[in-house]
Amino acid sequence: MSRHVVITGASSGIGAACARLFQQRGDRLSLGARREDRLQGVAGEAFRQALDVTKPPSVARFVTAAVAANGPIDILINNAGLARGIEKIAEGTGEAWREMIETNVLGLLEVTRLVLPHMVQNKRGHVVVIGSIAGHKAYVGGGVYCASKRALQPICEAMRMETLGTGIRVTSVDPGLVETEFSLVRFRGDQERATKVYHDTRPLTGDDIAECVLFAVDRPAHVNIDTIVVMPTDQASPQMVHRGGR
Ligand code: NDP
Ligand code: 8X3
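The shown structure was predicted, so the numbers you read here are calculated from the model rather than taken from an experiment.

(A) Focus on the pattern of salt bridges. Counted under the stated rule, the structure contains 12 salt bridges. One salt bridge connects Asp 218 with Arg 3, and the closest N-O pair in it is separated by 2.8 Å. Taken together, the residues span a long stretch of sequence, with Asp 218 in helix H9 (residues 206-218) and Arg 3 in the segment before strand S1 (4-8) at a distance of 215 residues. For Asp 218, a relative accessible area of 27% translates into the label partly exposed. With relative accessibility at 16%, the residue Arg 3 sits in the buried group. Between Glu 99 and Arg 84 there is a salt bridge; the shortest N-O distance is 2.9 Å. Here Arg 84 lies in the loop between strand S4 (75-78) and helix H4 (94-122) and Glu 99 lies in helix H4, a separation of 15 residues in the sequence. Overall, Glu 99 belongs to the partly exposed group, its relative accessible area being 23%.

If you want it as structure tokens, here you go:
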């Protein structure tokens, strides 16, 4: 049966890969991101609208329009997120910290707050959160990004408690290194620096993560996958990556 799948941050990387995979499955898609032009190239038939998760009026417009276009939301993939910079705490800037917290934590909460009551009312729905290995292990220069991803763990736990008995499911998919535009954004457009992150190793792809999301949401209704932590075989911790082949 076709499901209504809402994906935030669908203009590239993991979000776009989820859109492609769910579309192949025949689901109805609502896709949001700030770069509307980039959304146009993702998946075929889909509802698309500009969305900035850090701006509550933009979130409200997006959720209302998505429901009007595709009906009640079955699956919310909270994927929009970013890291900005790799500065140590003593060298960081409030601007970058705020951008990460406002996008990764407050933005996710804003979208979820508008979607969850409908799911509870319909007694069905699946909230998927794209966390990160960074939420499990901190690293030098990643303090605030790691904190923003760690924050998603109690948010998911509380949501499971608060929706207990309603049939709602909450899953966190927490990847290690995935080759997307993530590093280009982190390094503020410095392509050379971004490319080095993935050099001579085999990172995950957005498609690998989309498969994990699909696995979680395709389980029978009585099964809730709590957390999937997925790493490249060549990565043992955020800053321990094997390079150079075997
Ligand atoms: P990309 O940079 O390729 O994609 C990030 C997406 O988030 C884009 O579609 C971007 O769209 C969107 N986005 C960013 N800010 C906002 C905003 N304010 N409002 C709406 N959309 C926004 O990176 P990834 O695909 O890798 O990142 C997706 C998620 O995966 C993030 O939450 C990231 O933290 C997480 N993650 C990534 C890992 C990696 O190694 N790549 C590993 C673990 C987790 P636009 O700019 O058009 O708004
Ligand atoms: C992105 C993974 O290890 O670069 O969330 O922080 S990492």
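The rest of the description comes next.
(B) Quick peek at the site of ligand 1. Taken together, the neighbourhood of ligand 1 is formed by 31 residues, with Ser 11, Ser 12, Arg 34, Tyr 145 and Thr 180 sitting nearest. Here an oxygen atom of ligand 1 sits 2.9 Å away from a polar atom, N or O, in the side chain of Lys 149. Here an oxygen atom of ligand 1 sits 2.9 Å away from a polar atom, N or O, in the main chain of Val 178. Here ligand 1 loses 96% of its free accessible area of 870 Å² to cover by the protein chains.

(C) Geometry of the site of ligand 2. Neighbouring residues of ligand 2: Ser 132, Ile 133, Ala 134, Tyr 139, Tyr 145, Phe 182 and Pro 238. The side chain of Tyr 145 places a nitrogen or oxygen atom 2.5 Å from an oxygen atom of ligand 2. Its free accessible area being 240 Å², ligand 2 has 88% of it covered by the protein chains. Looking at the shell around ligand 2, its residues break down into 6 nonpolar, 1 polar and no charged.

Rules of the game
Residues numbered from 1 in each chain as written. Chains lettered and ligands numbered in written order. Predicted model: local features only at pLDDT ≥ 70, side-chain atom pairs only at ≥ 80, totals over all residues. Heavy atoms only, no water. Salt bridge = Lys/Arg side-chain N within 4 Å of Asp/Glu carboxyl O. Helix = DSSP H or I, 4+ residues; strand = E, 2+ residues; numbered from the N terminus. Buried < 20%, exposed > 50% of the residue type's maximum accessible area, 1.4 Å probe, protein only. Near = heavy atom within 4 Å. Polar contact = N/O pair within 3.5 Å; in protein donor to acceptor, adjacent residues only side chain to side chain. Areas by Shrake-Rupley, 256 points an atom, 1.4 Å probe, with all protein chains shown as cover. Nonpolar A, V, L, I, M, F, W, Y, C, P; charged D, E, K, R; others polar.

Everything listed here is a matter of geometry and, on its own, says nothing about what the molecule does.
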